Each structure stands twice: as structure tokens, then as C-alpha cells.
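Structural characterization, general
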Amino acid sequence: MDYVVAIDLGTSGCRSAVYDARLNLRAQSSVEIPIFKRSSLEVEQNPEDWWNGLVQTVREAAAAANVSKEAIRAISISSQGISVVPVDANGLPLRNAISWLDSRPQRQMERLLRQYSFEELYRRTGKRANAIYSLPKYLWLMEEEPDVYKNTHKFLLPMDYLILKLCGRYCTDHTCAGGTMCYDIERQTWAEDLIQACGLRAQLFPEICASGAALGTLLPSVAAELGLSERTIVAMGAQDQKCASFGAGLDKASITVSLGTASCIEALVSRPVGDPQCRIPLFPYLFPEAWVLEGLLSSGCVCYDWFRDILGAQTSFADLDACILGAPAQDRPVFFYPYLSGESSPHWRENCGHFARLSLATTTGHMARSVLEGVAYALRSNLEAMKDMLPGSRELHLFGGGSRSPIFCQIISDVTNRGVLTYSDMETALAGAARLAFRGAGIAIEEQRRDMRRYVPNAESVARYDAWYADYEALRKRLFF
């Protein structure tokens, strides 16, 4: 039996897992990674913490899998994107990584918008102009830390840095490059004219390789450190949301929705045509001639966590679900606007979370239900913004912690009037990285049928939610500007 190692480098932690060629997870390990918040705008991480997390978790997962190191044929990565790591000619970091959470380059973003219009940047890169993306961070380094910029050999992203450490190559993939705001979304390559017009050196950007491409084998010293064979192939990975969608079976008949702290909605398209109103970012996907529209709910299931925490440590999610089921029906339901960390797509405003239409008859169950419905309404808003770019109805594939709740899944099905599919195996990012590792090794996967659950819209509930959604949107327009 052949095996691979899949790595998922998130913002707050690193996980590694061993999969067999039937895509069964054999063993996994995880570790937390520090985040350094220098100020409200400045957020950094130490790239060596990423590497140390990879080494620890790969060693532990490989040992727990109890297979020979020669049987582990390849390794690949699902990674956070956008974060910036400048390295010198020896591949050593010149400073901490500037996190994707960091929004310090406000002045640089303002200058970019004087040079290019918001619409022009969106059409060219698929991105809504924002200081969180990599391009303004590159400009910040050039202007604010000229010595670092002068000594920079390459600008790397988190996955790129780990690949360099694993096999010695300076390269990235299209999904990670596509998040930088330096990538030509139509031509699927670096936008060199944009890069040079901003005063940056084009040679600072790594080679772009296809996800799943074999990049080489582990460096001998690294193989010894990881407890793997020197013949282990390093396969190009992908940005974590795209990798998770790949693991969840994204295709032209489906839309994937991650129900974690935040929520991302990924929809596959075959042309690089984004939203005419610039509401929904457009990214390259893992394969040539493929792109994804990506909606974002910056506050997803964290809203349910927040509501439970307010009620006290003694309250469980099972308690909340029971309250929802026990609450009497309402003709005029409570509304919740899930903007606890601002309103993201498709409206992109700096609003706050809000309960509306409370009364003396409102119970804990009514409020809990409204939180889940609010997230489902925000999901519907994104789907409606995408509808002109997505002909035909598509099934929703849900994954992440929220997909474990039958109540939530049924609400989403009824609010969106779409079929919903969930998997019992929630490790979609790791599964996506494992698929890419097998591809890099040239090994066909004999994936076993996964346990799944389907939800179908209830006609009576759909009619009710259509009326409520219209009221919800009308009130949103009055409450938020």
C-alpha cells in the first residue's frame, strides 16, 4: 500500500496526516502556532514556527501511522495565503512574516488606488483592493524597511517557504499567487507590468507551478529530520480554502461552503469573468483554465460560539439545538445580522452584529435559531450575487464544524432552496492536500465511498423563508448604510 503525508498550515496551527491510496486517514498530529499582534493593524508570525510545526507534526503522524518510511511516497501542503516572507539569497527570512491578518499598509493601498481604479484592480487581479493583500505589503517593505527590501532575494508566501525548506525550490502555485493582487487573473501568470509599475523588481517573485506537480524530492537532511525517505516526492500544494474545496469534491455541479469560524463559498467557473459589481473576489483554481468565485462571511459559525459563550460555560451546542427545537413557532421571527467582525461579501461594510425584532415573547431558542438563520441569509446573499455568473442550480457541499449540526444544515437547505450534502469526514483541507500528493507521485487513488448525508429543501419552509428573507433584506437596508 502506498501512503502520503498531507500538511495543513493554518493561521493558528499546523496539522499533518498520513493517508493511504484509498484516501483513508491513518494518523494525524497537530500543534498550535503563535500569532504576534503588534498593534490593531500589525500582525506577524515567525516562519520558523511554521517549519517547526511541520517537522513536529509530520514526525508524529508518520510514527503513529506505523508504516515504513519507504511506503510514504509523497508530501503536499494546504496553506494559509497572502502572508509575506522576504528571504535572502540563502533562503533565510529577513524578518517575521507579515500575516494576512495585517492591514498596516494603508498608505500604500491609498497610493495604489490613485494609480489604478478599484474596478481596474478587480478586473486585472480578481481582488477587491484591500491592505490585507500581499501587494501593498510588498510596497510597505520597499518604503518602510528599505534594508530588508534591498537584501530580499524572493518574496515568499507561507507554502512557498515550507517548499523551499523541504526541497530547495523557489516556487508557488496559482491559488496562492492569485491571492497576492500581483497576479493576472485572465492570463494566469504574474502581472509583471503591474509589479514593475509599482516600482517592485519582477525577479523577486517565485516561479508559478501547477498544483500537484512533482517539484523534486526531500533534501537528505530534511528527510532525516522528518523520519521520511530521501525519495519522498514534494508535490505542489494549494491555498487552504481551494484545497479544502478540492477535498470536498468541488465541481461544476456543486458549490462548497466551509462552516468554520469564518465561512468561504467557492463556486467553480470556466472563464475568468468576475462580478461586474466587484462584490465577489475571483481566484484561479488548482488546474489550468479553471477559476473560482469566493464569497466570504468573516463571521460564520463563530456567531453561534459567541452566543453560546454569552449564555455561560454550562451551555452546550446540544443545549442550544434543544432550545431551538423547543421554541414555539413565530409569525414575525427574530432577525440576526452576523456582522461580529464586519460585513463582508457581498456588501463589504464596516457594520456590527445586530439582533432585531425582539419582543417579550422571544426565547433563547428563538435567538439561537436567528443566529443560524442570519448566517444562512448571508450565504444566500452571496449565492444571489453569484447567480448571473453561475447558470443552473448547484448543490451545496458543506464542511467544517457547522456541518455537524442537522438543524443548521436543514436551515441552509431551506433558506437557499438547494440540496445540501455533508460528509462525516470533515478533514477536507488535509484530504485535498493528500490528493495532490498522490497526483505528484503519479499514483491513482482508489477512493472509497465516503459516508455522507443529504438534506433537501422543505417546500413549506422554503416559502416561509422566501418571505422572511425579503423582510430581512429590507430591514438590513434601513439599518445599515
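The coordinates are above.
This write-up is about the structure you can find in this document. (Residues numbered from 1 in each chain as written. Predicted model: local features only at pLDDT ≥ 70, side-chain atom pairs only at ≥ 80, totals over all residues. Heavy atoms only, no water.)

With that settled, consider the packing of helix H2 (residues 106–115) against helix H4 (residues 134–144). Relative orientation and spacing of two packed helices are given, respectively, by the angle between their axes and the distance between those axes. Where H2 meets H4, the axes come as close as 8 Å, and the angle between the chain directions of the two elements is 110°. Regarding the angle of H2 to H4, the classification is roughly perpendicular. Here H2 and H4 pass one another in a crossing that is right-handed. Residues Arg107, Gln108, Met109, Arg111 and Leu112 of H2 touch H4, and the partners they reach there are Leu135, Pro136, Leu139, Trp140, Glu143 and Glu144. For the contact of H2 with H4, a count of residues per class yields six nonpolar, one polar and four charged. (Axes fitted to C-alpha atoms, helices over the stretch in contact; angles between N-to-C directions. Helix = DSSP H or I, 4+ residues; strand = E, 2+ residues; numbered from the N terminus. Parallel < 35°, antiparallel > 145°, perpendicular 65-115°, else oblique. Left-handed = near helix turned anticlockwise from the far one by under 90°. Contact = heavy atoms within 4.5 Å. Nonpolar A, V, L, I, M, F, W, Y, C, P; charged D, E, K, R; others polar.)

Taken in spatial order, the three strands of this open sheet run S4-S5-S8, and their pairing is antiparallel. Here the strands that pair on one side only, and so sit at the sheet edges, are strand S4 (36–37) and strand S8 (97–98). Sheet analysis places strand S5 (residues 43–45) next to S8, joined by two bridges and oriented antiparallel. Residue pairing in the sheet places Glu44 in a bridge with Ile98 of S8. (Pairing = 2+ DSSP bridges.)

Time to look at the layout of surface pockets. Once rolled over the atoms, a probe with the size of a water molecule shows which space is left empty. Reported here for the second largest pocket is a volume of approximately 350 Å³. Lining the second largest pocket are 20 residues, with Arg369, Glu373, Arg464, Tyr465 and Trp468 sitting closest to its centre. Counting only elements with at least two residues in the lining of the second largest pocket, the list comes to helix H13 (364–386), helix H14 (406–416) and helix H16 (459–479). The greatest single-element share of the lining of the second largest pocket, amounting to five residues, is contributed by H13. When its residues are assigned to classes, the lining of the second largest pocket shows 10 nonpolar, six polar and four charged. (1 Å grid on protein atoms, 1.4 Å probe; cavity = no way out; pocket = protein on both sides within 12 Å on 5 of 7 lines; lining within 4 Å. Points joined across faces, edges and corners; volume = space filled by probe spheres on them.)

To describe a pair of aromatic rings, you give the distance between the ring centres and the angle between the ring planes. Under the criterion given, the structure shown has 23 aromatic pairs. Consider the rings of Tyr138 and Phe155, whose centres lie 4.3 Å apart with planes at 15°: the pair is stacked. Residue Tyr138 is located in helix H4, and its partner Phe155 is located in strand S9 (residues 154–156); the two are separated by 17 residues in the primary sequence. Like Tyr138, the residue Phe155 is buried in the burial classification. Considering the side-chain rings of Trp190 and Phe205, the 5.0 Å spacing of their centres and the 55° angle between planes classify their relative orientation as tilted. Of this pair, Trp190 sits in strand S12 (residues 189–190) while Phe205 is found in the loop between helix H8 (192–197) and strand S13 (207–209), placing the two residues 15 residues apart along the sequence. The exposure class of Phe205 is buried, given its relative accessible area of 5%. Grouping aromatic residues by their ring pairs yields a cluster made of Phe335, Tyr337, Tyr339, Tyr377, Tyr465, Trp468, Tyr469, Tyr472 and Phe480. (Phe/Tyr/Trp six-rings, centres within 6.5 Å; stacked < 30°, edge-to-face > 60°. Buried < 20%, exposed > 50% of the residue type's maximum accessible area, 1.4 Å probe, protein only.)

Within the structure shown, the criterion is met by one cavity of 30 Å³ or more. Each pocket or cavity is described by its volume, and for the largest cavity that value is around 120 Å³. For the largest cavity, the lining is made up of 17 residues, of which Leu297, Tyr339, Glu343, Ser345 and Ala378 are closest to its centre. When residues of the lining of the largest cavity are traced back to their parent elements, those giving at least two are strand S20 (291–297), H13 and H16. The element that contributes the greatest number of residues to the lining of the largest cavity is H16, accounting for three residues. The residue inventory of the lining of the largest cavity, partitioned by class, reads seven nonpolar, seven polar and three charged.

Bringing H16 into the picture now. The end-to-end C-alpha separation of H16 is 30 Å, in line with the 30 Å expected for 21 residues at 1.5 Å each. For H16, every residue scored as buried is listed here: Ser461, Val462, Tyr465, Trp468, Tyr469, Tyr472, Glu473, Leu475 and Arg476. Here the buried residues of H16 occupy an arc of 165° about the axis, which is enough to place them on one side. What points out from H16, more than 90 degrees from its buried face, is the exposed set Glu460, Lys477 and Arg478. In this fold, the buried residues of H16 make contact with strand S21 (335–337), strand S22 (354–356), H13 and H14. Of the residues flanking the start of H16, the one acting as N-cap is Asn458, its side-chain oxygen 3.1 Å from the backbone nitrogen of Glu460. (Expected span 1.5 Å × (residues − 1). Arc of directions from axis to C-beta. Polar contact = N/O pair within 3.5 Å; in protein donor to acceptor, adjacent residues only side chain to side chain.)

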